[in-house]
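A structural walkthrough
Chain by chain, the residues run as shown.
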Amino acid sequence: MSRSYRRIGLIGDIHAEDELLELALDVLGSRGVDPVPATGDIADGSGSVDRCCALLESHRVVVVRGNHDRWLLAGTHRDLPDATPADRVTVESRRMLTQLSEMVEFDTVEGRALLCHGLGRNDMATVGPDDSGYLIEANVDLQILLRGGAYRWILKGHSHRRMVRHIGGVTVINAGTLMRHH
């Protein structure tokens, strides 16, 4: 993404919720939001991964790879509840999932933003709304991002817990998830 953005619509972990993804994209589109980044985890839910991939591509959503997407591609953790069977994903969707980046950087009018699933390249790392003290200081992935000083915003997912937190001059935003039972 090459320009500075003023209004951004963030979509959290998708988890195959194709109907809710379509609704979110319609709402954000009607509000003139551009771009619309998403925090990944397209796979593993009760809806259609293929339809989610098609919606994301047709709306030009900038998506990063989540741990569930990685697991689907690797054929691991397929015994989880609502895990997407690998044979139910089209070649086109698999191609899209394979091409997702771990993280994407872009500029906003208020500073540089990082879109990731967990924290940086670690799709399993997180920071929660109630973390403080030692939990913040000992969070290696968070500390690397904070000390690097490159970002004003970290847009993340993974924990499914909506959050806006200011930590060390960086605003960390978690959009939550589209999963119905969360």
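Going by the structure above, here's the rest.
I will try to describe carefully the structure that is included in this document.

Another aspect to go through is the nonpolar core. Within the largest apolar cluster, 25 residues are counted, with the highest numbers of intra-cluster contacts made by I11, I14, L21, I42, V49 and L56. Listed by contribution, the elements that provide at least two residues to this core are helix 1 (18–30), helix 2 (49–58) and helix 4 (91–99). When residues in this core are grouped by element, the largest group, five residues, is from helix 2. Beyond its immediate stretch of four places on either side in the chain, L56 contacts I14, L21, I42, V61, V63 and M96. Within the second largest apolar cluster, 15 residues are counted, among which are C116, L145, L146 and V172.

On strand 4 (residues 103–108), burial follows the alternation: V104, F106 and T108 on one face are buried, whereas M103, E105 and D107 on the facing-out side are not. Across two bridges, strand 1 (residues 4–5) lies against strand 4 in parallel orientation. Paired with S4 across the two strands is D107, which belongs to strand 4. Hairpin connection between strand 4 and strand 5 (residues 111–116): a loop of two residues separates the two successive antiparallel strands.

A separate point is the packing of helix 1 against helix 2. Contact geometry for helix 1 and helix 2: axes closest at 9 Å, N-to-C directions at 15 degrees. As far as their axial angle goes, helix 2 and helix 1 are roughly parallel. Classified by chirality, the crossing of helix 2 by helix 1 is left-handed. Packed against helix 1, whose contacting residues are D18, E19, L21, E22 and L25, the element helix 2 presents R51, C52, L55 and L56 at the interface.

Turning our attention to the side chain of D13. The residue D13 is located in the loop between strand 1 and helix 1 in this model. Buried D13, no salt bridge; nearest opposite-charge side chain is K156, N-O distance 7.5 Å.

Let us look at helix 4. Along helix 4, the positions that sit buried rather than exposed are S93, M96 and L97. Mapping the buried residues of helix 4 onto a view down its axis gives an arc of 95 degrees, with all of them on the same face. Relative to its buried face, helix 4 has exposed residues pointing more than 90 degrees away, namely V91 and Q99. In this structure, the buried residues of helix 4 make contact with helix 2 and helix 3 (67–74).

Here we take up the packing of aromatic side chains. On inspection of all chains with the given rule, the structure shows zero aromatic pairs. A cation over a ring is seen here: R152 above W153, with NZ or CZ 4.5 Å from the ring centre.

So, on to the pairing of strand 5. A regular strand places its side chains so that they alternate between the two faces of the sheet. Where strand 4 and strand 5 come together, six bridges link them in antiparallel fashion. Bridge assignment links E105 to a residue of strand 5, and that residue is L114.

Conventions adopted
Each chain carries its own residue numbering, running from 1 in the written order of its sequence. Confidence filtering applies because this is a predicted model: local features only for residues at pLDDT of at least 70, side-chain atom pairs given and counted only at 80 or more, and all residues used for totals across whole chains, interfaces and linings. Only hydrogens and water are removed before side-chain values are computed, so all heavy atoms of the structure are retained for them. The nonpolar core is taken to be a set of buried Ala, Val, Leu, Ile, Met, Phe, Trp, Tyr and Cys residues, with the residues joined through side-chain atoms within 4.5 Å. Classification of residues uses two cut-offs on accessible area relative to the type maximum, computed with a 1.4 Å probe and protein chains only: under 20% is buried, over 50% is exposed, and between them is partly exposed. By the criteria applied, helices consist of DSSP H or I runs no shorter than four residues and strands consist of E runs no shorter than two, each listed in order from the N terminus. We call two residues contacting when some pair of their heavy atoms lies within 4.5 Å. Pairing between two strands requires that DSSP report at least two bridges joining them. With axes taken as lines fitted to C-alpha atoms, and helix axes fitted only over the stretch in contact, angles between N-to-C directions fall between 0 and 180 degrees. Here roughly perpendicular refers to angles of 65 to 115 degrees, roughly parallel to angles under 35, roughly antiparallel to angles over 145, and oblique to all remaining angles. Here a crossing is taken to be left-handed if its near helix is turned anticlockwise relative to the far helix by less than a right angle, and right-handed if that turn runs clockwise. His is not counted here, nor are the chain ends, while Lys and Arg score as positive and Asp and Glu score as negative. Salt bridge, as used here, is a side-chain nitrogen of Lys or Arg placed within 4 Å of a carboxyl oxygen of Asp or Glu. Directions pointing from the helix axis toward each C-beta atom define the arc. Side-chain rings of Phe, Tyr and Trp (the six-membered ring for Trp) are treated as a pair once their centres are within 6.5 Å; stacked means planes under 30 degrees apart, edge-to-face means over 60, and tilted covers the remaining angles. Criterion for a charge above a ring: Lys NZ or Arg CZ within 6 Å of the ring centre, and within 35 degrees of the ring normal.

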